[in-house]
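Analysis of the macromolecular model
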2 protein chains.
Amino acid sequence: MSGVDILGYAAGAITTLTFLPQVLKTYKEKSAKDVSLNMFLIAAINEVMWIVYGALREDMVIILTNAVVLLMSLTMIFFKLKYGRKEIIKQKTT
Amino acid sequence: MSGVDILGYAAGAITTLTFLPQVLKTYKEKSAKDVSLNMFLIAAINEVMWIVYGALREDMVIILTNAVVLLMSLTMIFFKLKYGRKEIIKQKTT
């Protein structure tokens, strides 16, 4: 495996973890008002496209890495719907 | 170009635009309290890795797509630092 290959795998591994800090922050703070729902909707649809692409190419790396990002995107969509609503109720009652 | 190729290019094009809704939302609302700075710091470092990888592979598609995402990540880092600070001042004065 060349240095270029290693760089590619390292970059791919980090890409997989990009959404993790947002998931952890939102889980801790229970607030997602400023987070874009559309960003994670686009990401989720996009990950499904990548997973289908990986399946057609029979490329397990593409399937697995995108499955991780899909899981995080779906988690963020869930958080956004849950804590977005809370935010509205809070604003109405104060 | 096969159907699989077209799916791959379409998925890649959408990936490039993933951060755009967040950039537009934050620009409009001038608030980024709930947005994770770490997410965009990781994304920016990761994009630089992909651009170097693309340059070493002499792959213009990888270079260009990741340059677009890097630009959006740097914009979000700028917004987060700008509107994060505003948020703290607002909380202190109210």
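The structure presented is a predicted model; accordingly, all values stated were derived computationally and were not measured.

1. Comments concerning the relation of the copies chain A and chain B
Laying chain A over chain B is done by rotating through 180 degrees and shifting 0.0 Å along the axis; what remains is an RMSD of 0.0 Å. These values place the two chain copies in the arrangement generated by a two-fold rotation axis. A share of 100% of the interface residues of chain A reappears at the interface of chain B, consistent with the copies meeting face to face through the same patch.

2. Concerning unusual backbone geometry
Residues and elements named next belong to chain A. In this model, K30 sits at a positive phi of 50 degrees, which is unusual for a non-glycine residue. With respect to the helices and strands, K30 occurs in the loop between α2 (20-29) and α3 (37-56). Phi at E58 takes a positive value of approximately 50 degrees, unusual for a residue other than glycine. As for its position among the elements, E58 is in the loop between α3 and α4 (60-93).

3. Here we look at the packing of aromatic side chains
Residues and elements named next belong to chain A. Under the counting rule described, the total for this entry stands at ten aromatic pairs over all chains. Their ring planes at 70 degrees and their centres at 4.9 Å tell us that F19 and F40 sit as a pair that is edge-to-face. Pair noted here: F19 is in the loop between α1 (3-16) and α2 and F40 is in helix α3, with a separation of 21 residues, a long-range link. A residue is classified by how much of its surface remains accessible, and F19, at 6% relative accessible area, is buried. By relative accessible area, which is 1% here, F40 ends up buried. An aromatic cluster is defined as three or more aromatic residues linked by ring pairs; in this entry it consists of Y27, F78, F79 and Y83.

4. Re the interface of chain A and chain B
Each partner contributes residues to the interface: chain A has 32 residues there, and chain B has 33 residues. If you look at where chain A meets chain B, you find two salt bridges. In this structure, the salt-bridge partner of R57 of chain B is D5 of chain A, at a minimum N-O distance of 2.6 Å. Connecting chain A to chain B are 19 residue pairs in polar contact (both at pLDDT 80 or more). Secondary-structure elements contributing two or more residues to the side of chain A that touches chain B are α1, α2 and α3 of chain A. With ten residues, the single largest contributor to the side of chain A that touches chain B is α3 of chain A. Of the residues in the side of chain A that touches chain B, the class split is 17 nonpolar, nine polar and six charged.

Reading the values: the criteria
Residues numbered from 1 in each chain as written. Chains lettered and ligands numbered in written order. Predicted model: local features only at pLDDT ≥ 70, side-chain atom pairs only at ≥ 80, totals over all residues. Heavy atoms only, no water. Least-squares fit on C-alpha atoms with pLDDT ≥ 70 in both. Contact = heavy atoms within 4.5 Å. Helix = DSSP H or I, 4+ residues; strand = E, 2+ residues; numbered from the N terminus. Phe/Tyr/Trp six-rings, centres within 6.5 Å; stacked < 30°, edge-to-face > 60°. Buried < 20%, exposed > 50% of the residue type's maximum accessible area, 1.4 Å probe, protein only. Salt bridge = Lys/Arg side-chain N within 4 Å of Asp/Glu carboxyl O. Polar contact = N/O pair within 3.5 Å; in protein donor to acceptor, adjacent residues only side chain to side chain. Nonpolar A, V, L, I, M, F, W, Y, C, P; charged D, E, K, R; others polar.

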